[in-house]
Amino acid sequence: MSQILSVPLISTQDTLKQQAARAALERITPKLTTKSIVGVGTGSTTNFFIDALAEIKHMFDAAVSSSEASTARLKDHGIHVMDLNATPHVDVYVDGADEANPARQLIKGAGAALTREKIVASAADEFICIVDESKLVDTLGAFPLPVEVIPMARSLVARRLVDLGGQPVWREGVTTDNGNWLLDVHDFAVPDPLAMEATLNNVAGVVCNGLFAVDAADVVIVAASSGVREI
């Protein structure tokens, strides 16, 4: 079910991202207390959320970040960032996505932070995903699926991904914050994200994959030229 929100109409993609971010801020603000911990993801849409979050930094205790880049941006705004191991809970996690289907299952990882994103999302009481309308799909997989791998297992995992029907491409020159490498799997439609997430997680050498199906978003906020809605 979709709920239309009272957000002004907009046009450009960056403005759409900004409006989705502000809608997320409006959603979480009434629930925040001085003890609240806000989880924050990584990427261009999330950057807009971080910038907006700075306006209400006095209303919550701290943030937990999914990447070094987001941590730096949060600190630049004067927002206290805590290590996840030091937090008793995470009230809400806000992040973008590369694709989202009607079941609120996602592909994430273009920003190379998928593993930490999945960890913080799993720890949060609520996961809010913010996207512009271009990210909505019926079946996941048009966007290349990122898979984080132990470096020594890159070729082994790539061969297994070919066996599964995909075309893996090593994202050369990119090392994750965890010190690992990424394979982007092209031409890999995923009609059953839950099953495929489990299959990929069981491949030796895979650290994490960019399917967020087990821990799908609780809410997807979608900014479109016609307005902003929640799924």
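Structure first, text after, so check above.
Since the model is a prediction, treat every value here as computed from it, not as a measurement.

A few words now on the sheet that holds strand 11 (residues 206-209). By definition, the strands of a sheet pair up through backbone hydrogen bonds, in either a parallel or an antiparallel sense. Taken in spatial order, the four strands line up as 9-10-8-11 in an open sheet, and their pairing is antiparallel. Edge strands, defined here as strands with exactly one partner in the open sheet, are strand 9 (167-170) and strand 11. Strand-to-strand twist in this sheet, taken as the mean axis angle between neighbours without regard to direction, amounts to 30 degrees. Two elements, strand 8 (residues 145-149) and strand 10 (residues 181-186), share five bridges in a ladder whose sense is antiparallel. Looking at the pairing, Pro146 lines up with Asp184 of strand 10. Across the sheet, helix 5 (residues 154-163) is in contact with strand 8, strand 9, strand 10 and strand 11; its angle to strand 10 comes to roughly 15 degrees. Sitting on the sheet, helix 6 (residues 193-201) touches strand 8 and strand 11, and the angle it makes with strand 11 is about 160 degrees.

Another aspect to go through is helix 6. Those residues of helix 6 lying buried are Pro193, Met196, Glu197 and Leu200. Mapping the buried residues of helix 6 onto a view down its axis gives an arc of 105 degrees, with all of them on the same face. Considering only its buried residues, helix 6 is in contact with helix 4 (114-123), strand 8, helix 5, strand 11 and strand 12 (211-212).

Interhelical geometry of helix 1 (residues 13-28) versus helix 2 (residues 44-53) gives an angle of 50 degrees and a closest axis separation of 8 Å. Judged on the interaxial angle alone, helix 2 and helix 1 are oblique. At the point where helix 1 passes helix 2, the crossing takes the right-handed sense. Of helix 2, the residues touching helix 1 (which contributes Asp14, Lys17, Gln18, Ala21, Arg22, Ala24, Leu25 and Ile28) are Ser44, Thr45, Phe48, Phe49, Ala52 and Leu53. Within the contact of helix 1 with helix 2, the residues separate by chemical class into eight nonpolar, three polar and three charged.

Spatially, 5-6-12 is the arrangement adopted by the three strands of the open sheet, whose pairing is antiparallel. Unpaired on one side and paired on the other, strand 5 (99-100) and strand 12 mark the two borders of the sheet. When strand 6 (residues 106-107) meets strand 12, the two strands line up antiparallel, connected through two bridges. Within strand 12, the position partnered with Ile107 by the bridge is Leu211.

Here we take up the side chain of Thr115. Here Thr115 is to be found in helix 4. Separated by 2.6 Å, the side chains of Thr115 and Glu148 make a polar contact. In this view, Thr115 contacts Glu148, Asn178, Val207 and Cys208; residues no more than four positions away in its chain are not counted.

Parameters and conventions
Residues numbered from 1 in each chain as written. Predicted model: local features only at pLDDT ≥ 70, side-chain atom pairs only at ≥ 80, totals over all residues. Heavy atoms only, no water. Pairing = 2+ DSSP bridges. Helix = DSSP H or I, 4+ residues; strand = E, 2+ residues; numbered from the N terminus. Axes fitted to C-alpha atoms, helices over the stretch in contact; angles between N-to-C directions. Contact = heavy atoms within 4.5 Å. Buried < 20%, exposed > 50% of the residue type's maximum accessible area, 1.4 Å probe, protein only. Arc of directions from axis to C-beta. Parallel < 35°, antiparallel > 145°, perpendicular 65-115°, else oblique. Left-handed = near helix turned anticlockwise from the far one by under 90°. Nonpolar A, V, L, I, M, F, W, Y, C, P; charged D, E, K, R; others polar. Polar contact = N/O pair within 3.5 Å; in protein donor to acceptor, adjacent residues only side chain to side chain.

Treat this as a map of the structure, not an account of what it does.
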